[in-house]
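Chain by chain, the residues run as shown.
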Amino acid sequence: AGPGAPAAQLRQPPGGSPPPPGGGTGAPSGRRGCREGHGAGGSQSHPRRGESPAERGAGGQAWAARGGPHGRGVAPTASPRLRAEADSVEWEGRSLLKALVKKSALRGEQVHVLGCEVSEEEFREGFDSNINSRLVYHDLFRDPLSWSKPGKALPGGPLEALRALDKRTVSGPATIALDSLSWLLHHLPCPTLCQTLHALSRQDSCPGDTPPGEQVRVLGLLHEELHGPGPLGALSSLAQTEVTLSGMMGQASAQILCRRPRQRPTHQTQWFSILPDFSLELQAEPPLESQPRSDPHTPSVDPTTHLTFNLHLSKKEREAKDSLTLPFQFSSEKQQALLRPGLGQATSHIFYEPDAYDDLDQEDPDDDLDV
Amino acid sequence: MSVQGKLTLLCDAKTDGSFLVHHFLSFYLKANCKVCLVALIQSFSHYNIVGQKLGVSLTAARERGQLVVLEGLKSGVDVFFRPREEPHPLQFLREANAGDLQPLYAFVRDALQPVDSGEAAWRCPVLLVDDLSVLLSLGVGPVAVLDFVHYCRATVCQEWKGNVVCLVHDSGDTEDEESDVLLNGLSHQSHLILRAEGLATGFCKDVHGQLRILWRRPLQPTTHRDRSLTYQYKIQDKSVSFFAKGMSPAVL
């Protein structure tokens, strides 16, 4: 995936056919032959947006059909270690990104951060010196587009900065954190970004040399609401793990979709919280009835007091109420007739139940008439 | 003033949130800050009149150098009558395809640049933009507007420890993709979001709307404390009164 590869244009086919259900074990079928077991654009992993699945799938398929970094018809396998973290305005993801960065640093890895959205000062805030010494911040925040007169920009702009990360990793395991993928998506064409990301997370040297533990891990932060289905689908197909942040009642949760090659994607939900020093604390699911902010000492108020009308019944009134015969009784005769329909029911029957006030008189009142 | 280096996003949905702009303008002028107002929607005299009701004189502030105003309505026309070589903050109006807002950023930077001369030192610089959604209507792409706010944040907030306050409109149900990208992108960049919404049940004489306050980048990462508050408000002649939901004096 060098600079010579033609940049594929992301084009939506005119009438998107609904995507076949994804996540199966890659039996290639026609047009989808180049996707090994991946859902078309991972349509099940984005519960928060309202686009129709057909639209989303169509975008993902268009990208796949035009060919990934290897050209038409060859399987673009998911990059082994690219993990995309999708956040939203209400549930921000930078804290989780920082927590993961901290974990990597504590393991002894070097961490390279491509910072586009926050300043270096703000990103390093909350980390102790041990972690900060392992963290290399590539600053794309101060002057990403070379607008300043004495240019403080990184040479070559965002794309070169991203590509330079590939060459900067010293030997040994390393983590690259991209803050954020959304910024990069806004400023680079999607296919270029995907190709560069794909190149980033593969080992440059021969795969036989390095043991599997020494691969480069790439973490990316993505703001879901800012992009359409096409770029989101493309990025999610590149990622091995996708973490979507949401939450309930002040408690954050992560929906984790993990795609391993030649295996079914696994989906799990994990509740978590991030402590002030950016340690990650996993938690069990909070019970649904918990109301953390309600006052437990509020006495329950009886709503029938202090009314201008009386809602209570005295004992005598209650007895009278219980012994009242309701006007329209369901007599046993009618019950039997209904239970056995069709017994001579050529004409309709009238069931007359006289109540206490009826005066039954069998005489025909018309007999008086002298007609 | 404890809050420095922050981007505050004012957002309105189904109502007019410009009262927040007037509030912040008078607040920062009274706090002795150097203010740059990018006024794209109203004329200077409008802000002046409202400012006088709130107790500040914008003309006096402008004369003593505390306030720099870019009047979009007036200078937008100038763009077409000046020679092309001279850069103008609203240069994008002349371009066939509106590029970026670098000239506007350059104007803001020059206006708020802290100078070390012997004049009275103002407190932190403040940028007020009213409003950003109109830039979309003028043909600027949402990414270009986001880049402009990014640079303002990098320079005014980060470098000079000042504050930036921007007003943006939420298009609501109308499917305006660009407006949504702009609003969401700005929300991700902001530290504090003040969202003025009309009441769900419609217009009311005594309660003009409700204000939702969302702390987007709390100093402590995801804690259990409540990060958002909601108040209802009524705009009066010289002030705005806030009260908890359902507690308007007219209703109790």
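Everything below is about the structure shown above.
The structure reproduced in this document is the subject of the present report. Bear in mind that the values here come from a model prediction, so they are computed numbers and not experimental data.

## Digging into a negative patch on the surface
All names here are of chain A.
- Together, Asp-355, Asp-358, Asp-359, Asp-361, Glu-363, Asp-364, Asp-366, Asp-367 and Asp-368 give the surface a local cluster of negative charge.
- With respect to the helices and strands, the residue Asp-358 is situated in the segment after helix 10 (332-339).
- The partly exposed category is assigned to Asp-358, whose relative accessible area is 36%.

## What to know about the pattern of salt bridges
- Evaluated as defined, the whole model comprises 17 salt bridges over all chains.
- Where Arg-163 of chain A meets Glu-160 of chain A, a salt bridge forms, and the shortest distance between an N and an O atom there is 3.6 Å. Here the residue Arg-163 of chain A and the residue Glu-160 of chain A both occupy positions in helix 5 (residues 157-168), the gap between them amounting to 3 residues, near one helical turn.
- Salt-bridge contacts for Lys-74 of chain B lead to Glu-71 of chain B; the nearest nitrogen and oxygen are separated by 3.7 Å.
- According to the relative accessible area criterion, Lys-74 of chain B is exposed, its value standing at 57%.
- Its relative accessible area of 14% is what places Glu-71 of chain B among the buried residues.
- Ionic contacts of the salt-bridge type, sharing partners, join the residues Asp-170, Arg-195, Glu-197 and Arg-212 of chain B into one network.

## Re the interface of chain B and chain A
- Contact residues are listed per partner, giving 33 residues for chain B and 38 residues for chain A.
- Buried area between chain B and chain A, summed over both chains or domains, comes out near 3,000 Å², and the portion from carbon and sulfur atoms is 52%.
- Where chain B meets chain A, there are 0 salt bridges.
- One can count 12 residue pairs in polar contact (both at pLDDT 80 or more) joining chain B with chain A.
- Elements with a minimum of two residues in the side of chain B that touches chain A: helix 5 (102-112), helix 7 (142-159) and helix 8 (177-189) of chain B.

## What to know about the sheet that holds strand 2 (residues 33-39) of chain B
Residue and element names in this part refer to chain B.
- Strand order in the open sheet made by the 9 strands is 3-2-4-5-1-6-7-8-9, with mixed pairing throughout. A single partner strand is all that each edge strand has here, and the edge strands are strand 3 (67-71) and strand 9 (240-243). Ignoring strand direction, the axes of neighbouring strands in this sheet form an average angle of 20 degrees.
- Bridge count between strand 6 (residues 192-197) and strand 7 (residues 209-215): 6 bridges; the pairing is antiparallel. Residue pairing in the sheet places Glu-197 in a bridge with Gln-210 of strand 7.
- Helix-sheet contacts for helix 1 (residues 18-30) involve strand 1 (7-13), strand 2, strand 3, strand 4 (123-130), strand 5 (163-169), strand 6, strand 7, strand 8 (228-235) and strand 9, and the interaxial angle to strand 2 is about 150 degrees.
- Contacts from helix 4 (residues 72-81) reach strand 2 and strand 3, with the element oriented near 60 degrees to strand 3.

What counts and how
Residues numbered from 1 in each chain as written. Chains lettered and ligands numbered in written order. Predicted model: local features only at pLDDT ≥ 70, side-chain atom pairs only at ≥ 80, totals over all residues. Heavy atoms only, no water. Patch = residues over 30% accessible without salt bridge, like charges linked within 9 Å, V, L, I, M, F, W, Y side chains within 5 Å. Areas by Shrake-Rupley, 256 points an atom, 1.4 Å probe, with all protein chains shown as cover. Salt bridge = Lys/Arg side-chain N within 4 Å of Asp/Glu carboxyl O. Lys, Arg positive; Asp, Glu negative; His and termini not counted. Charge placed at Lys NZ, Arg CZ, Asp CG, Glu CD. Helix = DSSP H or I, 4+ residues; strand = E, 2+ residues; numbered from the N terminus. Buried < 20%, exposed > 50% of the residue type's maximum accessible area, 1.4 Å probe, protein only. Contact = heavy atoms within 4.5 Å. Buried area = accessible area lost by both parts, 1.4 Å probe. Polar contact = N/O pair within 3.5 Å; in protein donor to acceptor, adjacent residues only side chain to side chain. Pairing = 2+ DSSP bridges. Axes fitted to C-alpha atoms, helices over the stretch in contact; angles between N-to-C directions.

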